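# Coordinate inspection notes
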Amino acid sequence: MNNEVIISCAVTGSGDSVSKHPDLPVTPKQIAEASINAAKAGAAVAHIHVRERDGKPSRKLEYYKEVADRIRSSETDVIINFTRSEERRVGKECRSRWS
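So, here's what we can say about the structure.

## Examining the side chain of Ser 58
Structurally, the position occupied by Ser 58 is in the loop between β2 (45-48) and α3 (61-72). With relative accessibility at 3%, the residue Ser 58 sits in the buried group. Within the structure, the side chain of Ser 58 is placed 2.7 Å from the side chain of Glu 52, a separation counted as a polar contact. Sequence-distant contacts of Ser 58, that is, excluding residues within four places in its chain, are made with Val 50, Arg 51, Glu 52, Tyr 63 and Tyr 64.

## Quick notes on the environment of Asp 77
As for its position among the elements, Asp 77 is in the loop between α3 and β3 (79-82). Under the relative-accessibility criterion, Asp 77 is labelled exposed at 74%. A sequence separation of 34 residues divides Asp 77 from Ala 43, and the C-alpha atoms of the two residues are 9.8 Å apart.

## Topic: the pattern of salt bridges
Within this structure, the stated rule accounts for 3 salt bridges. A salt bridge links Glu 52 to Lys 60, with the shortest nitrogen-to-oxygen separation between them at 3.3 Å. Note that Lys 65 and Asp 69 form a salt bridge whose closest N and O atoms lie 2.6 Å from each other. Here Lys 65 and its partner Asp 69 are both found in helix α3, 4 residues apart, which amounts to about one turn of the helix. Looking at Asp 69, the relative accessible area reads 37%, which means it is partly exposed.

Cut-offs and rules
Residues numbered from 1 in each chain as written. Predicted model: local features only at pLDDT ≥ 70, side-chain atom pairs only at ≥ 80, totals over all residues. Heavy atoms only, no water. Helix = DSSP H or I, 4+ residues; strand = E, 2+ residues; numbered from the N terminus. Buried < 20%, exposed > 50% of the residue type's maximum accessible area, 1.4 Å probe, protein only. Polar contact = N/O pair within 3.5 Å; in protein donor to acceptor, adjacent residues only side chain to side chain. Contact = heavy atoms within 4.5 Å. Salt bridge = Lys/Arg side-chain N within 4 Å of Asp/Glu carboxyl O.

In structure tokens, the structure reads:
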């Protein structure tokens, strides 16, 4: 029997999680720090949504880039699992940037 596990930490919660707990990370700096701390505590994966300053879900590429840059420069080897908000539509502009 294999008893190995992979721990994934959803550092930002989902949807409107910020309204449910005031200490959830919101800014790219806070999200990166939470991801780094999760990795140091044993998480192999940081599951990340980026947020606007008011805590609402965001798709701003500059927020994703800042989070990634901060995590990558931290000397942790956590796997970065970016995801976007629950909204199912992705605009043409966003799709073309990811191509």
